[in-house]
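Examination of the molecular architecture
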Amino acid sequence: MKTIAEISITPNRTILNGDTISTANIAGLYREFVGDYPKFFKMDSLCKLGFIGSELLLKGINAEEKENAAIILFNRNGSLITDRNYQKTITDDNYFPSPALFVYTLANIVTGEIAIRNKIYGESSFYVLNNQDMDLMNDIINNTYLTSSPTFILTGWVDFDDEHNYEAKLKLVTK
Amino acid sequence: MEDKVFVTGAGIISALGVGSEATLQSLLSGGSGIGRITHLETEHDEFPVGEVALSNAEMSRMLNVGYPIDSLRTVLMGIIAAKEAVASSKLLPRELRTAAFISGTTVGGMDKTERHFKTVFDSNTETEDSYELKYNDCGYSTELIADSVGKFSLVTTTSTACSSAANAIILGANLIKSGIVDIAIAGGSEALTKFHLNGFNTLMILDKDNCRPFDRDRTGINLGEGAAYIVLESEKSAKARGAEVLGILSGYANTCDAFHQTASSENGEGAYLAMRKAMDMARLSPRDIDYINAHGTGTPNNDETELAAMQRIWDYELPKFSSTKAFTGHTTSASGSIEAVICLLALRHGFLPQNLGWKNPIKDDAIPVLEKCNTENVENIINNSFGFGGNDSTLIFSKFHKDNG
Amino acid sequence: MDNLILQLKNQIIEVLNLEDMTPEDIDAEAPLFGDGLGLDSIDALELIVLLEREYGIKLSNPAEGKQIFKSIASIADYVSKNRKK
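Residues numbered from 1 in each chain as written. Chains lettered and ligands numbered in written order. Predicted model: local features only at pLDDT ≥ 70, side-chain atom pairs only at ≥ 80, totals over all residues. Heavy atoms only, no water.

The name that an unreviewed UniProt entry assigns to chain C is Acyl carrier protein, with the source organism given as Muribaculum caecicola.

Written out as structure tokens, the structure reads:
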């Protein structure tokens, strides 16, 4: 497995291929590096985090290569923060559950958002693990090559607990 | 690399009953499991659902389990189905120790959370109720199911919405092909909750009558619940154990529709790619497919786009197809494995499940299986599972013949 | 009517998270879906919730929304005729 690019995003530091490129939060990163995708503001926090990571990693990669790529992401908390927010909207006696919020109570929507933005049609999976079990994650990534031949895989950890505790550790790998 | 993945066991619980035999009888008699809500505590009793008939207390007694499992419906159903799968495959405890257990779920322990959430939220301090919320964790419910069945070398959870169980099966097959394990028990479990009943209701895709997949006038889903697991095994291991082979998982694929968070693209690109790639892996041509167990949720969008994808591949004549969701309800994350077990029953017993509730075609020639009792020689079955997020997966099950096995 | 249009614009900006947009940016006659603001089916469902919560209007069939949600002006017209609060 060869790593082409990697990124780490935490609340106070974003490191792309070894260089600290920003100290902004997620919204700040959007304004600094993306800026042209208003749908970003409709996403929940987990999607925003995964989306920003993918934008920075996929810069400069052409559409043809992306078409047959795969997206395989992992985390611990699933979509818990959005689950909680949605739960509140159905617990209230005078309740108006939000359809837009419900959509994001699925953690795998983050792989979908990245696929929609980049027109990626290959495998997309989302796994919930107890911790960042590198052996298991590598097994799952290696296995993808058994049954399909993606041009590259966008993979890694993307977990959002709250605005002070989040982490994306994503990379692009080839066989 | 291991080439073939055998299916040597199956277990199921759904609105159609407990176990493979009860499920088979319900399918053959044409009796739907969909009815009024009895167990779920919700004000939305206007929606028919496919509930498992047993209460949590009844399942707990059946399994002889106590706290905390006795209040975790996803776990209770999961244990019942997983135990049946292991028993039907005649696996020994020592054989499980080197096996993988993979379960798909999105709801996890949400039903329990719903019973404690308001107290926790209102009191705003740590209480006994807040302790109960830890069971919400999807991964934790998988661990509880696995621990009740045996010791495994690897336990994990897939969460790709309504294709979760299908993707658990795909992961299990990949682990076998790569030689990491010889045996994988894979599937999914999902209980009905207020959370997703309300969610699907806000998306305005629940039908207040029994659902009518592939019918011109369909208006949406009936939600269901249940669990199912299949035992996947390498050829070498199955032969060494002298295991009975229920079928071969001959092909599979996972693709992304890359169109919208919840809606499918008009020409069903993701579904088309999933079916094509799975047939490529199985080295089958479209003419080899005898039956498609469609995702067929009964929503206007799913059925139209799934049909569009099918008609792109079979532009001459569609194979026999049906959705069994009018029998079971849409069991969301468990649907991939529940329908996999239904496909294996169809392969073994030579029949095609009918498409209940259907009256008029969406397009002239798109008529699903309608006969209640039919006998067919079925060799290859496509089983589709699509999830929000554009996660589209196809499994292909093929009949096992001793001479070519 | 102008007040209702402005109120609707503000409510829509808020519930649909149209960040960076002001009421002046939205043409009351312009299409909301497709080319215009580029809203999608989930946004339409959010608008149905908005009508119920703010104006007491219940739509049970999402297909009804198609005509009503053509533009801000058409929503304002429908709300003024059907509002319960």
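When helices and strands are counted, chain C shows 4 helices and 0 strands. Start at the N end of chain C and walk to the C end: the helices and strands fall as α-α-α-α. Its C-alpha atoms give chain C principal-axis dimensions of roughly 30 × 25 × 20 Å. Put simply, chain C has 85 residues, and 45% of those count as buried. (Helix = DSSP H or I, 4+ residues; strand = E, 2+ residues; numbered from the N terminus. Buried < 20%, exposed > 50% of the residue type's maximum accessible area, 1.4 Å probe, protein only.)

Further remarks concern the interface of chain C and chain A. Listed per partner, the contact involves 13 residues of chain C and 10 residues of chain A. Buried area between chain C and chain A, summed over both chains or domains, comes out near 1,000 Å², and the portion from carbon and sulfur atoms is 61%. Linking chain C with chain A are 2 salt bridges, by the criterion used here. The tally of links from chain C across to chain A stands at 5 residue pairs in polar contact (both at pLDDT 80 or more). (Contact = heavy atoms within 4.5 Å. Buried area = accessible area lost by both parts, 1.4 Å probe. Salt bridge = Lys/Arg side-chain N within 4 Å of Asp/Glu carboxyl O. Polar contact = N/O pair within 3.5 Å; in protein donor to acceptor, adjacent residues only side chain to side chain.)

Residue and element names in this part refer to chain A. Here helix α2 (residues 45–58) spans 20 Å end to end across 14 residues, near enough to the 20 Å set by a 1.5 Å rise per residue. Within α2, 12 of the 14 residues are buried, leaving the element largely enclosed by the surrounding structure. Of all the residues in α2, the buried ones are Leu 46, Cys 47, Leu 49, Gly 50, Phe 51, Ile 52, Gly 53, Ser 54, Glu 55, Leu 56, Leu 57 and Leu 58. Positioned one or two residues after α2, Gly 60 has a phi angle of 85 degrees, which is positive. (Expected span 1.5 Å × (residues − 1).)

According to the stated counting rule, one finds 3 cavities of 30 Å³ or more in the structure shown. Considered as a void within the structure, the largest cavity measures approximately 70 Å³ in volume. Together, Glu 123, Ser 125, Tyr 127, Ile 140, Asn 143 and Thr 144 of chain A together with Asn 167, Ile 170, Leu 171, Asn 174 and Asn 254 of chain B line the largest cavity. Of all the elements in the fold, those that place two or more residues in the lining of the largest cavity are β5 (124–128) and α7 (134–147) of chain A together with α8 (164–177) of chain B. Sort the elements by how many residues they give to the lining of the largest cavity and α8 of chain B lands first, with 4 residues. The residue makeup of the lining of the largest cavity, split by class, is 4 nonpolar, 6 polar and 1 charged. (1 Å grid on protein atoms, 1.4 Å probe; cavity = no way out; pocket = protein on both sides within 12 Å on 5 of 7 lines; lining within 4 Å. Points joined across faces, edges and corners; volume = space filled by probe spheres on them. Nonpolar A, V, L, I, M, F, W, Y, C, P; charged D, E, K, R; others polar.)

All right, on to the pairing of strand β4 (residues 70–75) of chain A then. Residue and element names in this part refer to chain A. β4 sits mainly inside the fold: 6 of its 6 residues count as buried. Here β4 shows a buried face lined by Ala 70, Ile 72 and Phe 74 and a second buried face lined by Ile 71, Leu 73 and Asn 75. In this structure, β4 lies alongside β5, joined through 5 bridges in parallel fashion. Within β5, the residue paired with Leu 73 across the bridge is Phe 126. (Pairing = 2+ DSSP bridges.)

Moving on, we get to the pattern of salt bridges. Residue and element names in this part refer to chain A. Per the counting criterion, the structure on display carries 16 salt bridges over all chains. A salt bridge links Glu 55 to Arg 117; the shortest N-O distance between them is 2.8 Å. On the criterion of sequence distance, the pair formed by Glu 55 in helix α2 and Arg 117 in helix α6 (residues 109–118) is long-range, its members being 62 residues apart. A relative accessible area of 24% means that Arg 117 is categorised as partly exposed. Several salt bridges converge on common partners, so that one network encompasses Asp 36, Glu 55 and Arg 117.

With the exception of glycine, the majority of residues adopt a negative phi angle, and the majority of peptide bonds are in the trans configuration. All names here are of chain B. Residue Pro 68 is reached from Tyr 67 by a cis peptide bond, and omega for that bond is 0 degrees. Note on placement: Pro 68 falls in the loop between α2 (56–63) and α3 (73–88). Positive phi, normally seen in glycine, also occurs at Asn 64, with a value near 55 degrees. Residue placement: Asn 64 occurs in the loop between α2 and α3. If you check the backbone angles, Ala 258 has positive phi at about 45 degrees while not being a glycine. Summarising the element assignment, Ala 258 is placed in the loop between β7 (247–256) and α11 (269–282).

Right, let's talk about the environment of Val 49 of chain C for a bit. Inspection of the secondary structure puts Val 49 of chain C in helix α2 (residues 41–55). Sequence-distant contacts of Val 49 of chain C, that is, excluding residues within four places in its chain, are made with Phe 96, Pro 97 and Pro 99 of chain A.

Of all 5 residues in β5 of chain A, 5 are buried; the element is thus mostly enclosed. Taking every second residue as pointing to the same face, both faces of β5 of chain A are buried, with Ser 124, Phe 126 and Val 128 of chain A on one and Ser 125 and Tyr 127 of chain A on the other.

Turning our attention to the side chain of Ser 125 of chain A. With respect to the helices, strands and loops of the structure, Ser 125 of chain A is situated in strand β5. Within the structure, Ser 125 of chain A has its side chain in polar contact with the side chain of Glu 123 of chain A (distance 2.9 Å). Once residues within four sequence positions are removed from consideration, Ser 125 of chain A is found in contact with Ile 71, Ile 72, Leu 73 and Thr 111 of chain A together with Thr 160, Asn 254 and Asn 391 of chain B.

Residue and element names in this part refer to chain B. Structurally, the position occupied by Ala 240 is in helix α10 (residues 235–241). Ala 240 gets classed as exposed once you look at its relative accessible area, which sits at 71%. When the C-alpha atoms of Ala 240 and Thr 160 are compared, they prove to be 34 Å apart, with 80 residues separating the residues in sequence.

Turning next to the interface of chain B and chain A. Between chain B and chain A, the residue contacts involve 50 residues of the former and 44 residues of the latter. When chain B packs against chain A, the two sides together hide about 3,800 Å² of surface, and 64% of this comes from carbon and sulfur. Among the residues chain B hides against chain A, the three largest losses belong to Phe 195, Ala 258 and Gln 261 of chain B. Together they make up 16% of the total. The interface formed by chain B and chain A includes 0 salt bridges. One can count 16 residue pairs in polar contact (both at pLDDT 80 or more) joining chain B with chain A. Looking at the side of chain B that touches chain A, the elements that each hand over two or more residues are α5 (110–123), β4 (154–158), α8, α9 (194–202), β7 and α11 of chain B. Counting residues per element, the side of chain B that touches chain A draws most heavily on α9 of chain B, which supplies 7 residues. Along the lines of polarity and charge, the residues of the side of chain B that touches chain A split into 19 nonpolar, 22 polar and 9 charged. Relative to β4 of chain B, β5 of chain A is paired through 2 bridges, and the arrangement is antiparallel. The residue of β4 of chain B that forms the bridge with Tyr 127 of chain A is Thr 158 of chain B.

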